Amino acid sequence: MSGNKTKATEASVAEYIASRANEQQQPDCQELIALLGKLTGEPAQMWGPSIVGFGVYRYTYESGRSGEAPLAGFAIRGRELVVYLFCEDEAQAALLARIGKHRMTKSCLYFKRLDDLDRVVLEQLVANSIAQTRARYGQGPIMAPH
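Along every chain, residues carry numbers that run from 1 in the direction the sequence is written. Selection of residues for local features in this predicted model requires a pLDDT of at least 70, selection of side-chain atom pairs for listing and counting requires 80 or more, and totals for whole chains, interfaces and linings are taken over all residues. Note that the side-chain values use all heavy atoms of the structure and ignore hydrogens as well as water.

### Looking at the environment of Leu71
No. 1: Mapped onto the elements of the fold, Leu71 is located in the loop between strand E4 (66-69) and strand E5 (72-77).
No. 2: Sequence separation between Leu71 and Asn22 is 49 residues; the distance between their C-alpha atoms is 26 Å. The way it works is that DSSP assigns letters per residue, a run of H or I at least four long becomes a helix, a run of E at least two long becomes a strand, and they are numbered from the N terminus.

So this is what it looks like as structure tokens:
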């Protein structure tokens, strides 16, 4: 059984942003770092080559596959930014309807710039997602074995 390919790394978040973000995305990335750091209480860390993650949780699927993933995170995807969210309930759907110009896939909120979004709604979406993740998979950070 193969494990999760996206793992926490020691790569530099600042270097990732400097190398991938365009002029508009640079300040948006800094704002996302501040927001996700505030909501998780965790510092930014690279996960794989392209996800800026905050905190960690351990999951196990019904199939038995397990791994770790960031509690919250974002990435630069070309001209868009993506914030990773659990949005499986009606409260999250109602917030998405009010957030502004975006597109949503199963767990990815895509947008071109933070100015297109209602930041209060974004903060609530992320806070709810973190709470749902903690409720589903357990509280607090998971420490890696030594």
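### Comments concerning the packing of aromatic side chains
No. 1: In this analysis, rings of Phe, Tyr and Trp, with Trp reduced to its six-membered ring, are considered paired at centre separations within 6.5 Å, and the interplanar angle assigns stacked below 30 degrees, edge-to-face beyond 60, and tilted for intermediate values. Counted under the stated rule, the structure contains two aromatic pairs.
No. 2: An aromatic cluster of at least three residues, connected via ring pairs, comprises Tyr57, Tyr59 and Tyr137.
No. 3: Definition used: whenever NZ (Lys) or CZ (Arg) falls within 6 Å of the ring centre and also within 35 degrees of the ring normal, the charge is taken to sit over that ring. We note Arg103 situated over the ring of Tyr110; from NZ or CZ to the ring centre the distance is 4.0 Å.

### Some remarks on the confidence of the model for the protein
No. 1: Mean pLDDT for the protein: 90, with 91% of residues reaching 70 or above.
No. 2: Across the chain, each position has a pLDDT score giving the predictor's confidence in that residue, from 0 to 100. The contact definition used throughout considers only heavy atoms, calling two residues in contact when any of these lie within 4.5 Å. For the stretch residues 141-146, pLDDT sits under 50, and the model shows six contacts to residues farther than four places along the chain or on other chains.

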